[in-house]
Amino acid sequence: MSDLNKIALKIISNGKGILAADESNGTMTKRLKAVDVVSTPENRLMFREILFSSESMKEYIGGVILYDETINQTTSFGKSIPSLISSTGAIPGIKVDIGAKDLANSSEEKITEGLDGLRERLKRYYELGARFTKWRGVFIINKKYPSTLAINSNAHALARYSALVQECKMVPIVEPEVLMDGDHSADICLRKTSDVIKKCFDELILNKVDLSGIILKPNMILAGKNSKVKISNEEVAQKTLQCIRNSVPREVPGIAFLSGGQSEIEATENLNLINKNNNTEFIMTYSYGRALQQSALKIWSKNTKDVKTTQNIFNHRAKMCTLAAQGKWSYELENK
Ligand code: 13P
């Protein structure tokens, strides 16, 4: 077993999942504004420190993805953020892309940037304590898209990023996110997502990436947000499993789904059904941003000094997601 494979397994085994707390300052400002909190470095740190100090970190969270600002911050009691996370047994990770920009010659689509100077940035993040990383490629669905240009360009970037990250002895999270915006059917989502994932693996293999030392972070297979034809949670699970089974090479140790705008309960229930019906060898867990933090953020915003209530809400959410990652979640446990 390679060292990278060991790190990947430590993050996602035994029902543990990933807390995606890597919102850029722009995204975090949007989230804080929505609950009437001013977005300052101090407030961003305060909320995140509360989550990272929660009891659930030890039992349920295998890794935390940080943003550049946060990995450089120090807690109110003088510890660095990466050492706070490591002290709970979870592994610190870092988002290393610098965002999705307009793709030349297909301006409705995006290409993720951040390869220039990446090798040097990775060395610094390793010294700060990071042992895994994230890079997100983003794709839209409509009649024309995703284009072959967007699929190929983003897959190429994800593969070059992954090769550099492994060279630096860290585990790359490979995140090709096909957005749920639009009125497409779930079957279209299944087809497009499978095309995107397959192309990513073609490029990862071409770039000699050790597939046993990555974690794939895909979207679940859902009907578009504005589609009139909704599908059941059972169908979401079945189509998601079909996509993974047919597109992901066996060497990959695990899949950590993003929540992508699903509600907390929806993301939990779908993950639970995926695990109940998991007919693959892959570990299937979560790497949620909104679906882990939304309720905690709402409660915290009402009284930013009330650490305990915020942590209770977060602990419950993390526990429910971990139960779902083992196929053991239920509405009764959710409402207990
Ligand atoms: P969501 O779970 O809110 O989609 O965030 C996950 C993530 O890291 C997106 O890049």
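Higher on the page you've got the structure.
Worth saying up front: this structure is predicted, and the values here are computed from it rather than measured.

**Student:** So what about the overall build of the protein chain? Which residues, and what values?
**Tutor:** Looking only at helices and strands, the protein chain features 14 helices and ten strands. Computed over its C-alpha atoms, the radius of gyration of the protein chain comes to 19 Å, within 12% of the 20 Å expected for a compact globule of 336 residues. Taking the principal axes of its C-alpha atoms as reference, the protein chain extends roughly 50 × 50 × 40 Å. Considering the protein chain as a whole, with its 336 residues, one finds that 58% of them fall into the buried category. Contacts in the protein chain between residues far apart in sequence, at least 24 positions, make up 78% of those at least 6 positions apart. Positive and negative side-chain charges of the protein chain, numbering 46 and 38 respectively, have mean locations separated by a distance of 1 Å.

**Student:** I'd like a rundown of the layout of surface pockets, residues and numbers included.
**Tutor:** Considering only enclosed or pocket space, the largest pocket measures out at about 920 Å³ in volume. As for the largest pocket, its lining consists of 36 residues, of which Thr27, Arg31, Arg136, Glu177 and Arg290 are closest to the centre. If you list the elements that add at least two residues to the lining of the largest pocket, you get helix 2 (25-34), strand 5 (106-112), helix 7 (118-128), strand 6 (132-139) and strand 7 (171-178). Its residues assigned to classes, the lining of the largest pocket comprises ten nonpolar, nine polar and 17 charged. Empty space within the second largest pocket amounts to approximately 190 Å³. As for the second largest pocket, its lining consists of Met180, Leu222, Ala223, Lys225, Lys230, Ile231, Ser232, Asn233, Val236, Glu266 and Asn270.

**Student:** Outline the site of the ligand, listing residues and values.
**Tutor:** In the vicinity of the ligand lie 13 residues, with Lys134, Lys217, Ser259, Gly260 and Arg290 positioned nearest. One of the side-chain nitrogen or oxygen atoms of Ser259 is found 2.4 Å away from an oxygen atom of the ligand. The backbone of Gly289 places a nitrogen or oxygen atom 2.8 Å from an oxygen atom of the ligand. In isolation the ligand has 300 Å² of accessible area, and contact with the protein removes 91% of it. Assessed atom by atom at 2 Å from the grid points, the ligand resides in the largest pocket. Those elements that place two or more of their residues in the shell around the ligand are strand 6 and strand 10 (283-288). Class assignment of the residues belonging to the shell around the ligand gives a composition of three nonpolar, four polar and six charged.

**Student:** Describe empty space enclosed by the protein, listing the residues and the values that go with them.
**Tutor:** By the definition in use, this model includes one cavity of 30 Å³ or more. Considered as a void within the structure, the largest cavity measures approximately 100 Å³ in volume. As for the largest cavity, its lining consists of 13 residues, of which Val178, Met180, Asn219, Met220 and Leu222 are closest to the centre.

**Student:** Mind laying out the packing of aromatic side chains, listing which residues take part and the relevant values?
**Tutor:** Taken as a whole, this structure holds four aromatic pairs when the rule is applied. Centroid distance Phe47 to Trp300: 5.1 Å. Interplanar angle 45°. Geometry classified as tilted. Of this pair, Phe47 sits in helix 3 (residues 41-52) while Trp300 sits in helix 12 (residues 290-302); the two residues are 253 residues apart in sequence, bridging distant segments of the chain. One cation-aromatic arrangement involves Arg131 over Tyr126; the distance from NZ or CZ to the ring centre is 3.6 Å.

**Student:** Any chance you could break down the nonpolar core for me, citing the residues and the numbers?
**Tutor:** Among soluble globular proteins, nonpolar side chains are generally buried collectively. Core analysis: the biggest nonpolar cluster contains 88 residues, and Phe52 and Tyr288 have the highest contact counts within it. Among the elements that line this core, the one with the most residues is helix 8 (residues 148-167), at eight residues. Apart from residues no more than four positions distant in its own chain, Tyr288 is found in contact with Ile18, Leu19, Ala20, Met220, Phe257, Leu258, Ser259, Ala267, Leu271 and Cys321.

**Student:** A description of the pairing of strand 3 (residues 91-95) should follow, citing residues and the corresponding values.
**Tutor:** A large share of strand 3 lies buried, amounting to five of its five residues. Burial along strand 3 is two-sided: the residues Ile91, Gly93 and Lys95 and Pro92 and Ile94 are all buried. Pairing geometry for strand 2 (residues 61-66) and strand 3, over four bridges, is parallel. From the neighbouring strand, Leu66 faces strand 3, where its bridge partner is Ile94.

**Student:** I'd love a proper account of the pattern of salt bridges, names of residues and values included.
**Tutor:** For the structure shown, the criterion picks out 15 salt bridges. With a shortest N-O distance of 2.6 Å, Arg119 and Glu167 are connected by a salt bridge. Placement of the pair is Arg119 in helix 7 and Glu167 in helix 8, with a sequence separation of 48 residues. Using a relative accessible area of 38% as the deciding quantity, one classes Arg119 as partly exposed. When its relative accessible area of 48% is taken as the criterion, Glu167 is described as partly exposed. The shortest N-O distance in the salt bridge between Asp181 and Lys225 comes to 3.0 Å. Of the two residues, Asp181 sits in the loop between strand 7 and helix 9 (186-206) while Lys225 sits in the loop between strand 8 (215-216) and helix 10 (233-247), which places them 44 residues apart along the sequence.

**Student:** Tell me what's going on with the packing of helix 10 against helix 11 (residues 264-276), and back it up with residues and numbers.
**Tutor:** Relative to each other, helix 10 and helix 11 sit at 55°, their axes nearing to 8 Å. One finds that helix 10 runs oblique with respect to helix 11. In the packing of helix 10 onto helix 11, the handedness of the crossing is right-handed. Across the interface between the two elements, Asn233, Glu234, Val236, Ala237, Thr240 and Leu241 from helix 10 touch Glu269, Asn270, Leu273 and Ile274 from helix 11.

About the thresholds
- Residues numbered from 1 in each chain as written.
- Predicted model: local features only at pLDDT ≥ 70, side-chain atom pairs only at ≥ 80, totals over all residues.
- Heavy atoms only, no water.
- Helix = DSSP H or I, 4+ residues; strand = E, 2+ residues; numbered from the N terminus.
- Rg over C-alpha atoms; globule rule 2.2 N^0.38 Å.
- Buried < 20%, exposed > 50% of the residue type's maximum accessible area, 1.4 Å probe, protein only.
- Contact = heavy atoms within 4.5 Å.
- Lys, Arg positive; Asp, Glu negative; His and termini not counted.
- Charge placed at Lys NZ, Arg CZ, Asp CG, Glu CD.
- 1 Å grid on protein atoms, 1.4 Å probe; cavity = no way out; pocket = protein on both sides within 12 Å on 5 of 7 lines; lining within 4 Å.
- Points joined across faces, edges and corners; volume = space filled by probe spheres on them.
- Nonpolar A, V, L, I, M, F, W, Y, C, P; charged D, E, K, R; others polar.
- Near = heavy atom within 4 Å.
- Polar contact = N/O pair within 3.5 Å; in protein donor to acceptor, adjacent residues only side chain to side chain.
- Areas by Shrake-Rupley, 256 points an atom, 1.4 Å probe, with all protein chains shown as cover.
- Sits in = over half its atoms within 2 Å of the grid points.
- Phe/Tyr/Trp six-rings, centres within 6.5 Å; stacked < 30°, edge-to-face > 60°.
- Lys NZ or Arg CZ within 6 Å of the ring centre and 35° of its normal.
- Core = buried A, V, L, I, M, F, W, Y, C linked by side-chain atoms within 4.5 Å.
- Pairing = 2+ DSSP bridges.
- Salt bridge = Lys/Arg side-chain N within 4 Å of Asp/Glu carboxyl O.
- Axes fitted to C-alpha atoms, helices over the stretch in contact; angles between N-to-C directions.
- Parallel < 35°, antiparallel > 145°, perpendicular 65-115°, else oblique.
- Left-handed = near helix turned anticlockwise from the far one by under 90°.

The values reported here are purely geometric and, on their own, carry no functional implication.
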